[in-house]
Amino acid sequence: MSSEAGPSCLPASLLPTSTSSSNPPPAAPRDTPNPSNPTSSIFSRSKEAPVHSVPMSVIHRPLPSELDEGKVKTFMEEMQRGDSFTPIEVVKVRAPLKVDPTNTPQNFYFAMGGCHRYEATKRLGWETIRARIIEVPASQMRVYLGAGSPF
């Protein structure tokens, strides 16, 4: 994990074991005046949230994306060149599964936006993506997920 990404809120078992050589450290962001200050979130307006390297394998995308194929390909080319992008926002929910009789809380990670950055990173086969983690109560996420909510 790049030291630029900051500390991880993920359990050690979910952290990547090594940095892939095909996933270069991010360069200075090119299209935002102050990348340390995100401008919006559907869940939070915090400008202080640190950037993490989040494993792609733990992120769920519960809503289907409408992708612009040209944009995804452009992002892939720019990422391979070493360009850096604004971190995506990943919602973290700690809750027990509906079907868990022990009611043991688990962590769930959802990406609700950033679909082109997420898809470009996925197609490149990179293990991690730069993201800001936003903790949200399960009750708030149930509004977005509806009956498909796992908790």
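Just so you know, these numbers come straight off a predicted model, no measurement behind them.

J.: What should I look at first to understand the overall build of the protein in this one?
T.: Of regular secondary structure, the protein possesses three helices and five strands. Start at the N end of the protein and walk to the C end: the helices and strands fall as β-β-α-β-β-α-β-α. Buried residues in the protein amount to 37% of all 151 residues. Nonlocal contacts in the protein, meaning residues at least 24 apart in sequence, comprise 77% of its contacts between residues at least 6 apart. Accessible surface, the protein as shown: approximately 8500 Å² in total, 52% of it carbon and sulfur.

J.: Where do I start with helix H2 (residues 115-123) in this structure?
T.: An α-helical turn contains 3.6 residues, so any two residues separated by three or four positions project in the same direction. When H2 is considered as a whole, its buried residues turn out to be Cys 115, His 116, Tyr 118, Glu 119, Ala 120 and Thr 121. Contacts from the buried residues of H2 go to strand E2 (59-60), helix H1 (69-81) and strand E5 (128-135). Once H2 finishes, Gly 125 follows within two positions and takes phi at roughly 75°, a positive value.

J.: How should the packing of aromatic side chains be read in this particular structure?
T.: The description of an aromatic ring pair uses the distance of the two centres, along with the angle that the planes make with each other. Applying the stated criterion across every chain yields a total of four aromatic pairs. Note on Phe 75 and Phe 85: the rings are 4.8 Å apart at their centroids and 50° apart in plane angle, and the pair reads as tilted. Of the two residues, Phe 75 sits in helix H1 while Phe 85 sits in the loop between H1 and strand E3 (88-96), which places them ten residues apart along the sequence. Under the relative-accessibility criterion, Phe 85 is labelled buried at 8%. A centroid spacing of 6.4 Å and a plane angle of 10° characterise the contact between Phe 108 and Phe 110, whose relative ring orientation is stacked. Taken as a pair, Phe 108 and Phe 110 share a single burial class, namely buried. An aromatic cluster of at least three residues, connected via ring pairs, comprises Phe 108, Phe 110 and Phe 151. Across the ring face of Tyr 118, the terminal group of Arg 61 is positioned such that the distance to the ring centre comes to 5.2 Å.

J.: I tried to follow the environment of Ala 111 on my own but got confused; where do I start?
T.: Looking at where Ala 111 falls in the secondary structure, it is placed in strand E4 (residues 105-111). Through-space distance from the C-alpha of Ala 111 to that of Val 90 is 4.7 Å; in sequence the pair is 21 residues apart. The residues touching Ala 111, leaving out its near neighbours within four places in the chain, are Ile 59, His 60, Arg 61, Pro 62, Ile 88 and Glu 89.

J.: Explain the packing of H1 against H2 here, please?
T.: Interaxial distance between H1 and H2 falls to 9 Å at its minimum, and their mutual angle equals 60°. The pairing of H1 with H2 is recorded here as oblique in orientation. Between H1 and H2 lies a crossing of right-handed hand. Each of Glu 69, Lys 71, Val 72, Phe 75, Met 76 and Met 79 in H1 lies in contact with H2, whose residues at this interface are His 116, Arg 117, Glu 119, Ala 120, Thr 121 and Arg 123.

J.: Is there a simple way to explain the confidence of the model for the protein in this structure?
T.: The predicted coordinates of low-pLDDT regions are not to be read in fine detail. Taken over all residues, the pLDDT of the protein has a mean of 78, while the share at 70 or more is 69%. Every residue in residues 24-42 scores below 50 in pLDDT, and together they form 35 contacts with partners more than four places removed in sequence or on other chains.

J.: Teacher, can you tell me more about the environment of Ile 59 here?
T.: Counting through the fold element by element, Ile 59 comes out in strand E2. When residues no more than four places from it in sequence are discounted, the contact partners of Ile 59 are Val 54, Ile 88, Val 90, Tyr 109, Phe 110, Ala 111, Tyr 118 and Ile 129.

J.: Would you mind going over unusual backbone geometry with me for this structure?
T.: Among all residues save glycine, negative phi is the norm, and among peptide bonds the norm is trans. The phi dihedral of Asn 103 falls on the positive side, at around 60°, and the residue is not glycine. By the element assignment, Asn 103 lies in the loop between E3 and E4.

Here is what the cut-offs are and how they apply
Residues numbered from 1 in each chain as written. Predicted model: local features only at pLDDT ≥ 70, side-chain atom pairs only at ≥ 80, totals over all residues. Heavy atoms only, no water. Helix = DSSP H or I, 4+ residues; strand = E, 2+ residues; numbered from the N terminus. Buried < 20%, exposed > 50% of the residue type's maximum accessible area, 1.4 Å probe, protein only. Contact = heavy atoms within 4.5 Å. Areas by Shrake-Rupley, 256 points an atom, 1.4 Å probe, with all protein chains shown as cover. Phe/Tyr/Trp six-rings, centres within 6.5 Å; stacked < 30°, edge-to-face > 60°. Lys NZ or Arg CZ within 6 Å of the ring centre and 35° of its normal. Axes fitted to C-alpha atoms, helices over the stretch in contact; angles between N-to-C directions. Parallel < 35°, antiparallel > 145°, perpendicular 65-115°, else oblique. Left-handed = near helix turned anticlockwise from the far one by under 90°. pLDDT = per-residue confidence, 0-100.

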